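A structural walkthrough
Spelled out from the first residue to the last, the chains are:
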Amino acid sequence: MNILLELKNVTIPTLDQKCVIVNNVSFEVREGSIHAVIGPNGSGKSTLAYTIMGLNSYRISQGKIYFDGIDITNMSLTERAKLGITLAWQEPARIDGLTVFKYITLGIKDKSNLQEKVKEALRTVNLEPERYYNRIIDETLSGGERKRVELAAAIAMRPKLIILDEPDSGLDMIVIEDFLNIFNKIKALNMTILLITHREDIGMVADYGTLLWRGDAILTDEFPIVMVKYCAKAGLKEFCKRALFKNGGKCFDDEYIDRIFREEGLL
Ligand SMILES: Nc1ncnc2c1ncn2[C@@H]1O[C@H](COP(=O)(O)OP(=O)(O)OP(=O)(O)O)[C@@H](O)[C@H]1O
Ligand SMILES: [Mg+2]
């Protein structure tokens, strides 16, 4: 599988340069995968997400970011967006008064077959197009519907990479089973997802993961392996067992979990 995004020794200091938020982080995101970045509050996840999007690229003090083989380290947000990077849920859709149809079309460059494109995007987020595209974006849409419409707008742009951070509980508003289904549909459209979360249950939909711990990327691997490490470091053994059980955690039996917990000095 191709590598779509690569971070090489990325260090991001605070604006005043006095502290390091993200420290010498390296990992790769495979094309067509769901890659979760997990870690506790304050571990640097959002900082990393915004930096990849280019919202504060100037803050990288060391390292490189490659997208689709291109060095994007010094590119602006607009240049990165053109290459196919999109950050969903960065801002809630505040364009009250627009119809869902109009809102979703805003980001679509090629205006041919607009109707079909909007329908496809709405179906991907499990909203019936006929019921929604004439709805006005206002408070009559439920929280979850709004989040889905915002995600549909990102999907309609057909980016190569969708970065999903979880501000304002964007993820919380959509039920987990639905999420699995939506993510699989996004994957089927050949998009890669970088999922930023501290909700481990949501992370379970991921193929791969990176564990951020106080600014260090301490492990990148298949998601359940990363998850066990996270639980061990956070002292969440019972939680971990439950979450892995839900995921069918065949290879992650008690013995494996015990070993990782032992390594962390927790057993
Ligand atoms: N400008 C800044 N000056 C000082 N510290 C900052 C600055 N910006 C971010 N930080 C700190 O960097 C750390 C990482 O923040 P970030 O928002 O990336 O964490 P996060 O992993 O997304 O956390 P959460 O799970 O709560 O969303 C936090 O401790 C935050 O307080
Ligand atoms: Mg955050």
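Read on for an overview of the structure. As the structure is a prediction and not an experimental result, all values here were calculated from the model. (Residues numbered from 1 in each chain as written. Chains lettered and ligands numbered in written order. Predicted model: local features only at pLDDT ≥ 70, side-chain atom pairs only at ≥ 80, totals over all residues.)

Notes on the overall build of the protein chain
Scanning the protein chain from N- to C-terminus turns up eleven helices and ten strands. Each of the 267 residues in the protein chain was classed as buried or not, and the buried ones make up 39%. Partitioning the contacts of the protein chain with sequence separation of at least 6, the portion at a separation of at least 24 is 68%. (Helix = DSSP H or I, 4+ residues; strand = E, 2+ residues; numbered from the N terminus. Buried ≥ 20, exposed ≤ 12 C-beta atoms within 10 Å, placed from the backbone. Contact = placed C-beta atoms within 7 Å.)

Describing the nonpolar core
Grouped together as the largest cluster of nonpolar side chains are 70 residues, with contacts concentrated most on Ala-152, Ile-162, Ile-163 and Ile-193. Both domain 1 (3-84 + 159-222) and domain 2 (95-158) contribute no fewer than three residues apiece to this core. With sequence-adjacent residues up to four places away left out, Ile-163 is seen in contact with Ala-49, Ile-52, Met-53, Ile-85, Thr-86, Leu-87 and Leu-194. (Core = buried A, V, L, I, M, F, W, Y, C linked by C-beta atoms within 7 Å. Domains from an automatic or database assignment.)

Focus on the sheet that holds strand β4 (residues 62-67)
Strand order in this open sheet of four strands is β2-β1-β4-β5, and the pairing throughout is antiparallel. Sheet topology places β2 (20-30) and β5 (70-71) at the edges, where each strand pairs with a single neighbour. Where β4 and β5 come together, two bridges link them in antiparallel fashion. Along β5, the bridge assignment pairs Phe-67 with Ile-70. (Pairing = 2+ DSSP bridges.)

A closer look at the site of ligand 1
All residues adjacent to ligand 1 are Thr-14, Leu-15, Ile-21, Gly-39, Asn-41, Gly-42, Ser-43, Gly-44, Lys-45, Ser-46, Thr-47 and His-198. Ranked by residue count, the leading element in the shell around ligand 1 is helix α1 (residues 45-53), at three residues. Looking at the shell around ligand 1, its residues break down into two nonpolar, nine polar and one charged. (Near = placed C-beta within 6 Å. Nonpolar A, V, L, I, M, F, W, Y, C, P; charged D, E, K, R; others polar.)

A word on the sheet that holds strand β3 (residues 34-38)
Judged by pairing direction, the sheet is mixed, and its six strands sit side by side in the order β6-β7-β8-β3-β9-β10 without closing on themselves. Lying at the two open borders of the sheet, with one neighbouring strand each, are β6 (85-88) and β10 (216-222). Each strand of the sheet is rotated relative to its neighbour by a mean of 20 degrees, with strand direction disregarded. Contacts between α1 and the sheet are confined to β3, β6, β7 (161-164), β8 (192-197) and β9 (208-213), with β6 contributing the most and set at about 140 degrees to the helix. (Axes fitted to C-alpha atoms, helices over the stretch in contact; angles between N-to-C directions.)

Side note on helix α11 (residues 254-263)
Of the positions making up α11, those classed as buried are Ile-257, Ile-260 and Phe-261. Projected onto a plane normal to the axis of α11, the buried residues spread over an arc of 100 degrees and lie on a single side. Turned more than 90 degrees off the buried face of α11, the exposed positions are Glu-255, Arg-259, Arg-262 and Glu-263. (Arc of directions from axis to C-beta.)

A short note on the pairing of β4
In the sheet, strand β1 (residues 3-13) pairs with β4 via five bridges, with the strands oriented antiparallel. Following the sheet pairing, Glu-6 is matched in β4 by Tyr-66.

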